[in-house]
Amino acid sequence: MTIDQLPVIIPVSLLIFTCLTLLFGFLRKSLAFPIALTGMAVSLAASILGLVQVLLYGPQSYQLGGWAPPIGIEYVLDHLSAFMAVLITFISFISLIYSRHSFAREVPDKVVPLYALLLLLVAGMVGIVVTGDLFNVFVFLEIASLAGYAVMAIGHEKAPVATFRYIIIGTIGACFYLLGVGFLYFATGTLNMADIARLLPDLYESRLILAAAVFIVIGMALKMALFPFHIWLPDVYTYAPSGVVSLVAPLMTKVGAYVIIRMLVSVFGPGFLSEGFPLMAVLGWLGAAAIVIGSILAIAQSDLRRMLAYSSIAQIGYVALGIGLNNPLGLIGAMLHILNHAFMKACLFQVAGGIRYRTGLWQIPMLAGLGRKMPWTMAAFTIGAISMVGIPPAAGFFSKWYLVLSSIEAHNWVFVIVIIISSLLNAVYFFRILEKAYASPESGNELVNTASDPPASMTVSIMVLAAGILILGLINAIIITNVLQPVVKLIS
Amino acid sequence: MFQLLVDHYPYYLSTVLLALGIWGMFAKRNLMKKLIALTIFQVSIMLIFISSSFKTSATIPIFDPDLGLTNPDLYINPLPHVLMLTAIVVMVATSGVALAVILMIYRRYHTLDEHELTKRMRE
């Protein structure tokens, strides 16, 4: 292994450990978790090393099989993909540590395939991020999705029905993406992103390119559950095992957002997508609609998991809104929100899973008095909630701040109002829970009264994420100048 | 107009199949029929790719000493075929996962009717 092979080590190590987990898991069930964790640790270390390399020496690329691009497939680690790779592997690593006790309680007889599939899912997601080839993105997207369908169908008895809807909509999304890639290939004769970016300016007038852009953006909007394509998401997140949701909810939809950002930054270029057919504006307005509708629906829920699922729909709206503004500040806001929301949602879903682990409860009205029984868990929930509402110094404030600044710069006052109103709506549905947990008198519910913080591995991973939210809030300026500014420089 | 239709008929037919697939996925109530519609939808996209590589009076992309290497118009483009081989593998895997999920649903609810399942989900 040499340092220039880093881009390919990140996904391939996970693929190798998927097989190892399955093999050793069949020999001895208890081996599955340590092997899966080792694989994730290797990939996390490679991603962090990759990010350091990118920050020190600039983008790294690796040619698969020694074939030079554009004929061969190229894996590229630049600022955007290194940032996403570290985010994905870190959240997955923490979720994997968390999932051990939760799987042992919820789905004890399916642990081995679950760990293997989770590794495959993460391999697909980092694969999407590191590849520089459009068709490769499709293949990794389907690897991630298929592994995702399988892990989400395990668990609650209603999970398969919810998952089937996801299979239909997810496959339509992937196929639309494939069709868009096909149109790009017919027009340019290449699948390498850098090569297409070089050839496209001469073809900007072509209707084929416009159709390709529309198909790719719609396909990814389906994958990222952007309003009005969000119908599959609440049921899937509600019925999947909590160890799975804490990995899937923060990352899976973000990967769709990443593909749109990647297309915008390094394939089409921002000029093409905003002039003529206003594709980016449509994306921004759908995002604004998602923010408002997702937040309102979240208030109406009495199930904690379902409320968090609707809140995810609202939060992916922020990302779409930031991309749709199509200016450098908006893009920074969107990327920062991908990072912040991954930490917040992972933390909140892990708390929800922790509450279920100890009490078996989901209903918000039943949580009265839980703040005294599960002090660490509910403290982490409070930090997550504060960040979701957007109160400094929690991380969520800063991404919203950049989105507001960018909306003002674009003179789009409706977006400013949407972001502010949605913060108030967030406050309504999160403070309702905090009020129940801390201020309400104890309900006398036996399950709540005997509750305590979940096992150490769960509590520690919850606390790491909660601390991460505060740390991200403090160092967000460092992240923006070193990692996100170079991405935006490509388009401005 | 007529000439356009004759030249491009594979694309029009594929588009009809594509629309048929999307219609089937949303209009049909039985989950099995939805899966069949999904397959039709995926196949239509493969047909579009394959049609794109077709050339009249060209041969398969294997080196032929009589034709030489100077004129690429004499060979059809192998890349879309290779891409679609990969896509077929993906499609088979999707069908496999979907069938497994359908099996799980049927064992639990003894029905594949969407309205019935939606009603049972609300309980």
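Throughout, a residue's number is its position along its own chain's written sequence, starting from 1. In the order they appear in the text, chains get letters beginning with A and ligands get numbers beginning with 1. Totals for whole chains, interfaces and linings use every residue, but because this is a predicted model, local features are given only for residues with pLDDT of at least 70 and side-chain atom pairs only at 80 or more, for both listing and counting.

Engineer: Looking at this structure, I do not really get the packing of helix 17 (residues 395-409) of chain A against helix 18 (residues 413-439) of chain A. What am I missing?
Structural biologist: How two helices pack is summed up by the angle between their axes together with the distance between the axes. Residues and elements named next belong to chain A. To get an axis, fit a line to the C-alpha atoms, keeping to the stretch in contact for a helix; angles then go from 0 to 180 degrees between the N-to-C directions. In this text, helices come from DSSP runs of H or I with a minimum length of four residues, and strands from runs of E with a minimum of two, each type numbered from the N-terminal end. Two numbers describe how helix 17 lies on helix 18: the axes approach to 8 Å, and their chain directions differ by 155 degrees. The orientation of helix 17 with respect to helix 18, classified from their angle, is roughly antiparallel. Mapping the contact onto sequence places Lys 400, Leu 403, Val 404, Ser 407 and Ile 408 in helix 17 and Phe 415, Val 416, Ile 419 and Ser 423 in helix 18. Residue type decides the class: Asp, Glu, Lys and Arg count as charged, Ala, Val, Leu, Ile, Met, Phe, Trp, Tyr, Cys and Pro as nonpolar, and the leftover types, Gly among them, as polar. Taken together, the residues that form the contact of helix 17 with helix 18 break down as six nonpolar, two polar and one charged. Small angles under 35 degrees read as roughly parallel and large ones over 145 as roughly antiparallel, with 65 to 115 read as roughly perpendicular and the rest as oblique. Here, residues touch in the contact sense if the C-beta positions derived from the backbone fall within 7 Å of one another.

Engineer: Please explain the nonpolar core as it appears in this structure.
Structural biologist: Residues and elements named next belong to chain A. In this structure, Leu 118, Leu 119, Ile 261 and Cys 347 are the most contacted members of the largest nonpolar core, which totals 223 residues. With 19 residues, helix 14 (residues 328-359) is the largest single contributor of residues to this core. Aside from chain neighbours lying at most four places away, what touches Leu 119 is Leu 14, Phe 17, Thr 18, Thr 21, Ala 36, Gly 39 and Met 40. Any set of buried Ala, Val, Leu, Ile, Met, Phe, Trp, Tyr and Cys residues joined through C-beta atoms within 7 Å is what this text calls a nonpolar core. Exposure criterion: with C-beta atoms placed from backbone coordinates, a residue whose C-beta has 20 or more other C-beta atoms within 10 Å is buried, one with 12 or fewer is exposed, and one in between is partly exposed.

Engineer: In this structure, what is going on with helix 2 (residues 31-52) of chain B? I would like to understand it.
Structural biologist: The α-helix winds at 3.6 residues per turn, so residues separated by three or four positions along the chain end up facing the same way. To estimate the expected span of a helix, subtract one from its residue number and multiply by 1.5 Å. Here helix 2 of chain B contains 22 residues, and its C-alpha end-to-end distance of 32 Å stays within 8% of the 32 Å for a straight helix at 1.5 Å per residue. Among the residues of helix 2 of chain B, those classed as buried are B:Leu31, B:Lys34, B:Leu35, B:Ala37, B:Leu38, B:Phe41, B:Gln42, B:Ser44, B:Ile45, B:Met46, B:Ile48 and B:Phe49.

Engineer: I tried to follow the packing of helix 13 (residues 304-325) of chain A against helix 14 of chain A on my own but got confused; where do I start?
Structural biologist: All names here are of chain A. Where helix 13 contacts helix 14, the axes come no closer than 8 Å and their chain directions differ by 170 degrees. Judged by the angle between their axes, helix 13 and helix 14 are roughly antiparallel. The residues of helix 14 that touch helix 13, namely those facing Leu 304, Arg 305, Leu 308, Ser 312, Gln 315, Tyr 318, Val 319, Gly 322, Ile 323 and Leu 325, are Gly 330, Leu 331, Gly 333, Ala 334, His 337, Ile 338, His 341, Lys 345, Leu 348, Phe 349 and Ala 352. Its residues assigned to classes, the contact of helix 13 with helix 14 comprises twelve nonpolar, seven polar and two charged.

Engineer: What should I look at first to understand the interface of chain B and chain A in this one?
Structural biologist: Frequently, the measure chosen for interface size is the accessible area removed from exposure when the parts meet. Contact residues are listed per partner, giving 25 residues for chain B and 21 residues for chain A. Put simply, the parts of the chain that give the side of chain B that touches chain A at least two residues each are helix 2, helix 3 (79-109) and helix 4 (114-122) of chain B. The class makeup of the residues in the side of chain B that touches chain A is 19 nonpolar, four polar and two charged.

In short, geometric facts, not functional conclusions.
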